[in-house]
Amino acid sequence: MASIDFDLLKKLYAQFSRTEESSKTPDILEPMPFAMAEDDRRYEMWEETGKILLSKGEVAAFTIAGGQGSRLGFEGPKGAYDFGLPSHASLFRLEARRLLNLGAKAEHPIPWAIMTSPLNRKATIEHFEEHSYFGYNKDSIRFFDQGMLCALTPEGEPVKDKNGNYAEVPDGNGGCFRALAISGTLAWFVEKGVRFVFLANVDNALVKMCDPAFIGFLASNGNAPCAVKVVHKRNAQEKVGIFAFKNSKPTVVEYTDISDELRNKTFEDGTLAFDGGNIGIYAFRTDALRKISTMELPWHAARKKVEDIENCWKFEQFLFDAFPLIGQILPYGVEREDDFAPVKNMTGNDSPATARQMLGMLHRSWLEKAKVTLKPRTLYEISPRLTYAGENLSQEIFDRELGRGIFEFPA
Ligand code: UTP
């Protein structure tokens, strides 16, 4: 076990346990408008640029998978979760196969970094081992652990478990930058000549790993450090973090941190001013990742039950706190139907059922575009072996692959 940073814990307890309210000047929030990428006349140019970068080996993938997935209630790592598709593909398998499809077209393997935590690293690697790495070259994948931090009792003492060991928990997804550097994975990227890194949450069933157009968009925009995918909010009240400027710096504003007035504010054309939902999909220049890894992201405290002690302190860093620090981000608008089907909860919104439904509808729409004759009220799953984003489909392929690489399931 890595040594515990008691100085940091002491500092955080002192910072968060102060009860007096600080007299902070109110934040100034301004909208961050965005355009839908596919409507832009440069879209094909971005896609071509991304494909060239992939073929030169300058693009890598980075999946953050160190979370505990407590809302889903699945015992194992979330990436290993079978969310009920006819193929029984896990989230990791879908991600691996999409990368393999792109890598084959680019004729260059795509380096893939996967951040785990000491709590799920072993099980994550076992999942890959059991499935022969889904056909991925083992040498092109690197697993590494994020940092952990001990929880504190309400009085600020380190919590211990029944065996007398310190109760450590992952230090939040913002720990990814530090862990990337400390683990040597950033150096691994640099050594391979990687200039652009696609970074995404593990739990999105539709994630277009290393999306060429998205990478090309970042690469074609001067020296911008980072691009972020955003979706339109479903409505003003949707509980989603949005991209905006806070005190002139780009940031993600959480639903709870925006007033009703701003939430409902519209531009002259009636569209929401504070739009641009964060879907956990980013592209960074490798240089920017190096810079961020040396910066101190702010800490957040939550009060949770740990080892049967109510109201313990848990400290975390958030990935999106890197954005104000790097100062510039480029929003890239996408349709959520194409890019975003999160698996967060057991039931209801953002659950296995909604992810299956969204994937099934998207894949059906790809087949419809390819003029394939389909059954009504039926959804389809298409293996990423056959297509990355709907290309190369036809009636002939459908007839050949039904029951092999293409599956039907009820709507
Ligand atoms: P979430 O905030 O949805 O957390 O993570 P979670 O752990 O997956 O699920 P809950 O909240 O316990 O139900 C968003 C992404 O950040 C990663 C997750 O693995 C997911 O890909 N993450 C989160 C980390 O890598 N490390 C962390 O410490 C926390």
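Refer to the structure printed above.
So, a few notes on the structure that sits alongside this text. Remember, it's a predicted structure, so these values are computed and weren't measured experimentally. (Residues numbered from 1 in each chain as written. Predicted model: local features only at pLDDT ≥ 70, side-chain atom pairs only at ≥ 80, totals over all residues. Heavy atoms only, no water.)

**Details of the site of the ligand**
Neighbouring the ligand are 18 residues; I64, S70, R71, Q146 and K344 lie closest to it. At 2.7 Å from an oxygen atom of the ligand is found a main-chain nitrogen or oxygen belonging to I64. In the complex, 84% of the free accessible area of the ligand, which totals 570 Å², lies under the protein chains. Looking at side-chain class alone, the shell around the ligand contains 5 nonpolar, 9 polar and 4 charged residues. (Near = heavy atom within 4 Å. Polar contact = N/O pair within 3.5 Å; in protein donor to acceptor, adjacent residues only side chain to side chain. Areas by Shrake-Rupley, 256 points an atom, 1.4 Å probe, with all protein chains shown as cover. Nonpolar A, V, L, I, M, F, W, Y, C, P; charged D, E, K, R; others polar.)

**Some points on the pairing of strand 15 (residues 378–382)**
Along a regular strand, successive side chains alternate from one face of the sheet to the other. Most of strand 15 is tucked away: 5 of the 5 residues are buried. On strand 15, burial covers both faces: T378, Y380 and I382 on one face and L379 and E381 on the other are all buried. Two elements, strand 15 and strand 16 (residues 406–410), share 5 bridges in a ladder whose sense is antiparallel. Each bridged residue has a counterpart across the sheet, and for Y380 the counterpart in strand 16 is E408. (Buried < 20%, exposed > 50% of the residue type's maximum accessible area, 1.4 Å probe, protein only. Helix = DSSP H or I, 4+ residues; strand = E, 2+ residues; numbered from the N terminus. Pairing = 2+ DSSP bridges.)

**Notes on a negative patch on the surface**
Together, E38, D39, E335 and E337 make up a region of like negative charge exposed at the surface. Residue position: D39 is located in the loop between strand 1 (29–31) and helix 2 (43–55). (Patch = residues over 30% accessible without salt bridge, like charges linked within 9 Å, V, L, I, M, F, W, Y side chains within 5 Å. Salt bridge = Lys/Arg side-chain N within 4 Å of Asp/Glu carboxyl O. Lys, Arg positive; Asp, Glu negative; His and termini not counted. Charge placed at Lys NZ, Arg CZ, Asp CG, Glu CD.)

**Focus on helix 12 (residues 352–369)**
The end-to-end C-alpha distance of helix 12 is 26 Å, a good match for the 26 Å that 18 residues give at a rise of 1.5 Å each. Those residues of helix 12 that sit buried are P352, A355, M358, L359, G360, L362, H363, R364, W366 and L367. Check the buried side of helix 12 and you find it contacts helix 3 (91–106), helix 11 (336–339), strand 15, helix 13 (395–401) and strand 16. Phi for K371, located one or two positions after helix 12, is positive at around 60 degrees. (Expected span 1.5 Å × (residues − 1). Contact = heavy atoms within 4.5 Å.)

**Focus: the nonpolar core**
One finds W112, F128, F198, C210 and Y332 to be the most contacted residues of the largest nonpolar core, which totals 46 residues. Formed by 36 residues, the second largest nonpolar core is a distinct cluster that contains M36, F189, V230 and L319. (Core = buried A, V, L, I, M, F, W, Y, C linked by side-chain atoms within 4.5 Å.)

**Considering the packing of helix 2 against helix 7 (residues 212–219)**
Closest axis-to-axis distance for the helix 2/helix 7 pair is 6 Å, and the angle between their directions is 95 degrees. Accordingly, the angle class assigned to the pair helix 2 and helix 7 is roughly perpendicular. Residues Y43, W46, E47, T49, G50, K51, L53 and L54 of helix 2 form the contact with helix 7, whose own contacting residues are P212, A213, I215, G216, F217 and A219. Per-class residue counts for the contact of helix 2 with helix 7 are 9 nonpolar, 3 polar and 2 charged. (Axes fitted to C-alpha atoms, helices over the stretch in contact; angles between N-to-C directions. Parallel < 35°, antiparallel > 145°, perpendicular 65-115°, else oblique.)

**Re the side chain of T286**
Positionally, T286 belongs in helix 9 (residues 286–293). Those residues in contact with T286, other than ones at most four positions away along the chain, are L186, F189, V190, V194, R195, F196 and V197.

**A few points about the packing of aromatic side chains**
A complete count under the given rule lists 26 aromatic pairs for this structure. Plain terms: the ring middles of F318 and F320 are 5.6 Å apart, the flat faces sit at 55 degrees to each other, and that makes the pair tilted. Cluster of aromatic residues (ring-pair linked, three or more members): F92, W112, F128, Y133, F134, Y136 and F143. In this structure, R263 packs its charged tip against the face of Y255, placed 4.0 Å from the ring centre. (Phe/Tyr/Trp six-rings, centres within 6.5 Å; stacked < 30°, edge-to-face > 60°. Lys NZ or Arg CZ within 6 Å of the ring centre and 35° of its normal.)

**Notes on helix 3**
Its 16 residues give helix 3 an end-to-end C-alpha distance of 23 Å, which sits within 8% of 22 Å, the value for a rise of 1.5 Å per residue. For helix 3, every residue scored as buried is listed here: L91, F92, L94, E95, A96, R98, L99, N101, L102, G103 and A106. A positive phi of about 55 degrees marks E107, the residue just after helix 3.

**Side note on the pairing of strand 9 (residues 242–246)**
Note that strand 1 and strand 9 share 3 bridges and pair antiparallel. Note on strand 9: the bridge partner recorded for P31 is A244. Hairpin connection of strand 9 to strand 10 (residues 249–253): 2 residues between the antiparallel strands, including N247 at a positive phi of 50 degrees.

**Observations regarding the environment of E48**
Turning to its location among the elements, E48 is positioned in helix 2. In the structure, E48 is positioned 164 residues away from P212 in sequence and 7.4 Å away in space, judged by C-alpha atoms.

**Details of the pattern of salt bridges**
Applying the stated criterion across every chain yields a total of 25 salt bridges. Between D145 and R121 there is a salt bridge, with the nearest N and O atoms lying 3.9 Å from each other. Of this pair, D145 sits in strand 4 (residues 141–145) while R121 sits in helix 4 (residues 121–130), and the two are 24 residues apart along the sequence. Note on D145: relative accessible area 26%, which makes it partly exposed. Connected through salt bridges with shared partners, the residues K208, D211, K229 and D339 form a single ionic network.

Function-wise, these values are silent; they only describe arrangement.
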